[in-house]
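Secondary and tertiary structure notes
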Amino acid sequence: GQNIDQPTEMTATEGAIVQINCTYQTSGFNGLFWYQQHAGEAPTFLSYNVLDGLEEKGRFSSFLSRSKGYSYLLLKELQMKDSASYLCAVDDYKLSFGAGTTVTVRA
Amino acid sequence: DTGVSQNPRHKITKRGQNVTFRCDPISEHNRLYWYRQTLGQGPEFLTYFQNEAQLEKSRLLSDRFSAERPKGSFSTLEIQRTEQGDSAMYLCASSFAGGNQRTEAFFGQGTRLTVV
């Protein structure tokens, strides 16, 4: 079966850094995605990791360790608009999602 | 291309009725996924297609749910004899996968189903 775990909620202050961890155990693995979802909207793509290591994209970075079944999403210089749910998704052919981490950014 | 399109955006139905949702994926995408999402949860996998072939269906899905993707283009998701527990957002996504190439999945805006 599939098991994708991430924290339920995180709170941080504007301008700070937050790291969202994701651990997974899946029957297949072709890569790991991170999506952002604002309330009432569809998920939108943030990053994709296939190989081990860090991928940086502006204020957002994502890390993958395939041997540990572990990834994290790093959000730097937090802005109020970053308040959203962040979804970890494993490309196990069918694309399986975690429950999401709700990040609240406080002024 | 305008992205993934889902219709209708909202559907209110009485318990016991059948409903059908449509998804038009990005034209060059060969994979199409259906998910169900409830408040505070991540998207729950329902089924996915590669071209016209339905490759996997969630074991959690009852026989009341069926999906088709004729000709490998648009897809429909039908729920028969709806129950109040079926109330949720139904999301469709599409992507391309071939050889070593993969794109991210692009999501439609979803169909919100309310069963009364």
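Above this note sits the structure.
Below is a short write-up of the structure.

**Some words on the overall build of chain A**
Each helix and strand counted, chain A has 0 helices and 11 strands in total. Put simply, chain A runs from its N terminus to its C terminus through helices and strands in the order β-β-β-β-β-β-β-β-β-β-β. Computed over C-alpha atoms, the radius of gyration of chain A comes to 13 Å, within 12% of the 13 Å expected from 2.2 N^0.38 for 107 residues, which places it in the range of a compact globule. Projected onto the principal axes, the alpha-carbon positions of chain A cover approximately 40 × 30 × 20 Å. Sorting the 107 residues of chain A into buried and exposed places 50% on the buried side.

**Regarding the nonpolar core**
In terms of nonpolar packing, the biggest core is built from 20 residues, with Ile-20, Leu-32, Trp-34, Leu-73, Leu-75 and Tyr-86 of chain A touching the most fellow members. Elements represented by at least two residues in this core include exactly β3 (18-25), β4 (32-37), β7 (60-65), β8 (70-75), β9 (84-90) and β11 (101-106) of chain A. Excluding its chain neighbours within four sequence positions, the residues that come into contact with Leu-75 of chain A are Ala-16, Ile-17, Val-18, Ile-20, Arg-59, Phe-60 and Tyr-86 of chain A. Of all hydrophobic cores here, the second largest spans 19 residues; its members include Val-19, Ile-26, Leu-46 and Leu-61 of chain B.

**Re the side chain of His-29 of chain B**
All names here are of chain B. Following the sequence through the fold, His-29 ends up in the loop between β3 (19-24) and β4 (31-37). Here Ser-94 takes part through its side chain, which lies 2.8 Å from a polar atom of the side chain of His-29. Excluding its chain neighbours within four sequence positions, the residues that come into contact with His-29 are Arg-69, Ser-94, Ser-95, Phe-96, Thr-103 and Phe-106.

**Some remarks on the pairing of β3 of chain B**
All names here are of chain B. Burial along β3 is one-sided: the residues Val-19, Phe-21 and Cys-23 are buried and none of Thr-20, Arg-22 and Asp-24 is. Relative to β3, strand β1 (residues 5-7) is paired through 3 bridges, and the arrangement is antiparallel. Across the sheet, residue Gln-6 finds its bridge partner in β3, namely Cys-23.

**A closer look at the interface of chain B and chain A**
Each side of the interface is counted separately: chain B has 19 residues, and chain A has 16 residues. Regarding the contact of chain B and chain A, the summed buried area is about 1,500 Å², with carbon and sulfur atoms giving 57% of it. On the chain B side of the interface with chain A, the three residues burying the most area are Arg-102, Glu-104 and Phe-107 of chain B, jointly 32% of the side's total. The interface formed by chain B and chain A holds 2 salt bridges in total. With its nearest N and O atoms 3.1 Å apart, the salt bridge here joins Arg-102 of chain B to Asp-91 of chain A. For the side of chain B that touches chain A, the secondary structure elements donating two or more residues are β4 and β5 (44-50) of chain B. Per element, the largest residue contribution to the side of chain B that touches chain A is 4 residues, and it comes from β4 of chain B. Taken together, the residues that form the side of chain B that touches chain A break down as 8 nonpolar, 7 polar and 4 charged.

**Section: the sheet that holds strand β7 (residues 65-68) of chain B**
All names here are of chain B. Judged by pairing direction, the sheet is antiparallel, and its 4 strands sit side by side in the order β1-β3-β8-β7 without closing on themselves. Edge positions in the sheet fall to β1 and β7, since each has one partner strand and no second. Averaged over all pairs of adjacent strands, the angle between their axes in this sheet comes to 15°, without regard to strand direction.

Thresholds applied
The residue numbering used here restarts from 1 in each chain and proceeds along that chain's sequence as written. Chain letters and ligand numbers both follow the written order, the letters beginning at A and the numbers at 1. Reporting in this predicted model follows two pLDDT cut-offs: at least 70 for local features of residues, and 80 or more for side-chain atom pairs to be given and counted; totals over whole chains, interfaces and linings ignore these cut-offs and use all residues. Each side-chain value is worked out from all heavy atoms of the structure, with water and hydrogens disregarded. Helix and strand definitions here come from DSSP, where helices need a minimum of 4 consecutive H or I residues and strands a minimum of 2 consecutive E residues; each element is numbered from the N-terminal end. Each radius of gyration is computed over the set of C-alpha atoms, and the globule rule expresses the reference value as 2.2 Å times the number of residues to the power 0.38. Burial here depends on accessible area, computed with a 1.4 Å probe over protein chains only, as a share of the maximum for the residue type. Under 20% is buried, over 50% is exposed, and the range in between is partly exposed. We define a nonpolar core as any set of buried Ala, Val, Leu, Ile, Met, Phe, Trp, Tyr and Cys residues linked to one another through side-chain atoms lying within 4.5 Å. Working rule for contacts: check all heavy atoms of both residues, and any pair within 4.5 Å makes them a contact. Between N or O atoms, a polar contact is any pair within 3.5 Å; within protein, one atom must be a potential hydrogen donor and the other a potential acceptor, and residues adjacent in sequence are included only when both atoms are from side chains. Strands qualify as paired when DSSP identifies two bridges or more between them. Each of two parts loses accessible area, computed with a 1.4 Å probe, when they are put together; buried area is these two losses added. One side-chain nitrogen of Lys or Arg within 4 Å of one carboxyl oxygen of Asp or Glu is enough to make a salt bridge. The classification used treats Ala, Val, Leu, Ile, Met, Phe, Trp, Tyr, Cys and Pro as nonpolar, Asp, Glu, Lys and Arg as charged, and all other residues, Gly among them, as polar. Think of each axis as a best-fit line through the C-alpha atoms, taken over the contacting stretch in the case of a helix, with angles from 0 to 180 degrees between the N-to-C directions.

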